[in-house]
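# Observations on the three-dimensional arrangement
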Amino acid sequence: MRIPVNLRDAPYDVILGDGVRHDVSAFITQHLPRARVAVIITSPEIRRQPWFDFSFAVETVVIEVADGEAAKTLSSLEAVCEELAQRHVSRHDVIVGVGGGAITDLAGFAAAVYLRGVAVLQVPTSVVGQVDAAIGGKTAVNIAAGKNLVGAFHQPAGVWCDSETLVTLSGRERIAGMGEVAKCWLLEGRSRAALGDATLSDFIEVSVALKARIVVADEFEQSGERALLNYGHTLGHAIELVALDRDADELRHGEAVGIGLAFAARLARALGRVDEGVVDQTDAVLDFFQLPRRLSGHFDVDELLSAMSRDKKAHHNLTLVLDGAAGCEVVADIDPQVVREVLEQFQEA
Ligand SMILES: NC(=O)c1ccc[n+]([C@@H]2O[C@H](COP(=O)([O-])OP(=O)(O)OC[C@H]3O[C@@H](n4cnc5c(N)ncnc54)[C@H](O)[C@@H]3O)[C@@H](O)[C@H]2O)c1
């Protein structure tokens, strides 16, 4: 299965299926004939997985970085660039990111800035990586002031979503990835009934197709379409901000998105944009993916409102993606009092 990302200047394909990681080598030979070295950026945890069996026709170098979010630092970027330079990696060579979204973000950013840009191929191995992070060219690292604050747009030359890599994901990582999958399912207006006997591969395909379409419509996040991908994320990010501050293990991003999606449906109902049926459908989809849809534990409503608002003090400028007669859209200037009431009920529910 091949899903094109039809960007005018640099179109590429997302290839999905069992064992597609083995096609990367032929791609390098065919499309990057001047490449002398392929540099795989990954973590030790990923490298020890049974499916980590890459073999390219060109010289292959593996650079290991810290696992997970710890990979996304400026010092780790610097270490990668130093190693690329020591190995005389040139602008004709290629970087291959292999891992979850954190690794593909770092590999993409290193490729964007090393020698002012080298080609990057992405082999995302988590659900979040496959349906979201590795597609669309947004690359970044974190700084103390916040996540993803330093980065660049740098599109990959190809993305290989190999379902064989997903078998080693832990249960919690898999469920965490389902937050993004449920978001895409709902954004596409698909119902609980349509889930039928769909498989993980089907969900990934629907999500990748949506992301590819949105990236083409709004490559640099300027015209607004890409903001739709924030569905469920306004409250989701706020919960993460508060929860991760007190316990880094309290919840995963996808779980926060699940709660954010359930909340967004209730807010849309309170604003008269949708009827009860949409709330029920949303809950049913979240249940199918075994995602939480209630705020458990105590959250201070004022703290959540501040985190959700662009104006942290006045709670003005509340903007959320909400469902409505014309489907999901970005809704600005939402009455903070309504948001507060829905949050309070949501917390008690
Ligand atoms: N660039 C974008 O557009 C974009 C979009 C969404 C998310 N992101 C970023 O992605 C990151 C989150 O990605 P994530 O959820 O994949 O987390 P992650 O990259 O931190 O990976 C989570 C854990 O899963 C492990 N893992 C990954 N694949 C595995 C496999 N096949 N088998 C066993 N273990 C595996 C990793 O080693 C890690 O320990 C965040 O940094 C986020 O900012 C970026």
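This structure is a prediction, so every number in the text was calculated from the model and none was measured.

It is common to give the size of an interface as the accessible area lost on bringing the parts into contact. As far as domains go, the protein chain holds domain 1 (2-168) and domain 2 (171-348). One C-alpha centre belongs to domain 1, the other to domain 2, and the line joining them spans 28 Å. Listed as interface residues are 20 residues of domain 1 and, on the opposing side, 21 residues of domain 2. Of the roughly 1800 Å² buried between domain 1 and domain 2, counting both surfaces, carbon and sulfur atoms make up 72%.

So, on to the environment of D283. Along the polypeptide, D283 turns up in helix α10 (residues 276-288). On the accessibility criterion, D283 (9% relative accessible area) is buried. Between the C-alpha atom of D283 and that of S223, which follows or precedes it by 60 residues, the distance is 30 Å. Excluding residues that lie within four positions of it along the chain, D283 makes contacts with A262, R266 and R293. A polar contact of 3.4 Å, which involves the side chain of D283, links it to the side chain of R293.

Another aspect to go through is the site of the ligand. Surveying the vicinity of the ligand reveals 25 residues, the closest of which are D67, E69, S126, T165 and T168. At a separation of 2.9 Å, a nitrogen atom of the ligand approaches a polar side-chain atom of D105. Interatomic distance of 2.7 Å between a side-chain N/O atom of T168 and a nitrogen atom of the ligand. Notes on the ligand: free accessible area 870 Å², of which the protein chains cover 84%. Counting residues per element, the ones that place at least two in the shell around the ligand are α4 (101-113), α5 (127-133) and β8 (146-153). Within the shell around the ligand, the residues separate by chemical class into 6 nonpolar, 9 polar and 10 charged. Each of domain 1 (2-168) and domain 2 (171-348) gives at least three residues to the shell around the ligand.

In this section: helix α7 (residues 200-217). Between the first and last C-alpha of α7 there are 26 Å, a value that for 18 residues agrees with the 26 Å anticipated at 1.5 Å per step. All of the buried residues along α7 are F203, I204, V206, S207, V208, L210, K211, A212, I214 and V215. Along its buried surface, α7 packs onto β1 (2-5), β2 (12-17), α5, α6 (171-187) and α10.

Taken together, the side chains of L74, I143 and L149 present a nonpolar region at the surface, about 250 Å² in accessible area. Positionally, L74 belongs in helix α3 (residues 74-86). Classification of L74 by relative accessible area gives partly exposed; the value is 42%.

For sheets, the rule is that strands pair by backbone hydrogen bonds, running either parallel or antiparallel. If you trace the 7 strands from one edge of the open sheet to the other, you get β1-β2-β9-β6-β5-β3-β4, paired in mixed fashion. At either end of the open sheet lies a strand with only one pairing partner, and these are β1 and β4 (59-64). Averaged over all pairs of adjacent strands, the angle between their axes in this sheet comes to 20°, without regard to strand direction. Where α3 meets the sheet, it contacts β3 (37-42), β4 and β5 (94-99), and its direction lies at approximately 155° from that of β4. Relative to β1, α7 is tilted by about 15°, and along the sheet it contacts β1 and β2.

Right, let's get into the pairing of β3. Of all 6 residues that make up β3, 6 are buried, and the element is covered over most of its length. Here β3 shows two buried faces, one formed by V37, V39 and I41 and the other by A38, I40 and T42. Of the strand pairs in this sheet, β3 and β4 are connected by 6 bridges, and their pairing is parallel. Paired with V39 across the strands is V61, a residue of β4.

Moving on: the packing of aromatic side chains. Using the criterion set out here, one finds 9 aromatic pairs in the structure. Summarising the aromatic geometry, the rings of F288 and F289 are spaced 5.1 Å apart at their centres and angled 85° between planes, so their arrangement reads as edge-to-face. Following the ring pairs from residue to residue traces out a cluster consisting of W185, F203, F288 and F289.

Cut-offs used in this document
- Residues numbered from 1 in each chain as written.
- Predicted model: local features only at pLDDT ≥ 70, side-chain atom pairs only at ≥ 80, totals over all residues.
- Heavy atoms only, no water.
- Domains from an automatic or database assignment.
- Contact = heavy atoms within 4.5 Å.
- Buried area = accessible area lost by both parts, 1.4 Å probe.
- Helix = DSSP H or I, 4+ residues; strand = E, 2+ residues; numbered from the N terminus.
- Buried < 20%, exposed > 50% of the residue type's maximum accessible area, 1.4 Å probe, protein only.
- Polar contact = N/O pair within 3.5 Å; in protein donor to acceptor, adjacent residues only side chain to side chain.
- Near = heavy atom within 4 Å.
- Areas by Shrake-Rupley, 256 points an atom, 1.4 Å probe, with all protein chains shown as cover.
- Nonpolar A, V, L, I, M, F, W, Y, C, P; charged D, E, K, R; others polar.
- Expected span 1.5 Å × (residues − 1).
- Patch = residues over 30% accessible without salt bridge, like charges linked within 9 Å, V, L, I, M, F, W, Y side chains within 5 Å.
- Salt bridge = Lys/Arg side-chain N within 4 Å of Asp/Glu carboxyl O.
- Pairing = 2+ DSSP bridges.
- Axes fitted to C-alpha atoms, helices over the stretch in contact; angles between N-to-C directions.
- Phe/Tyr/Trp six-rings, centres within 6.5 Å; stacked < 30°, edge-to-face > 60°.

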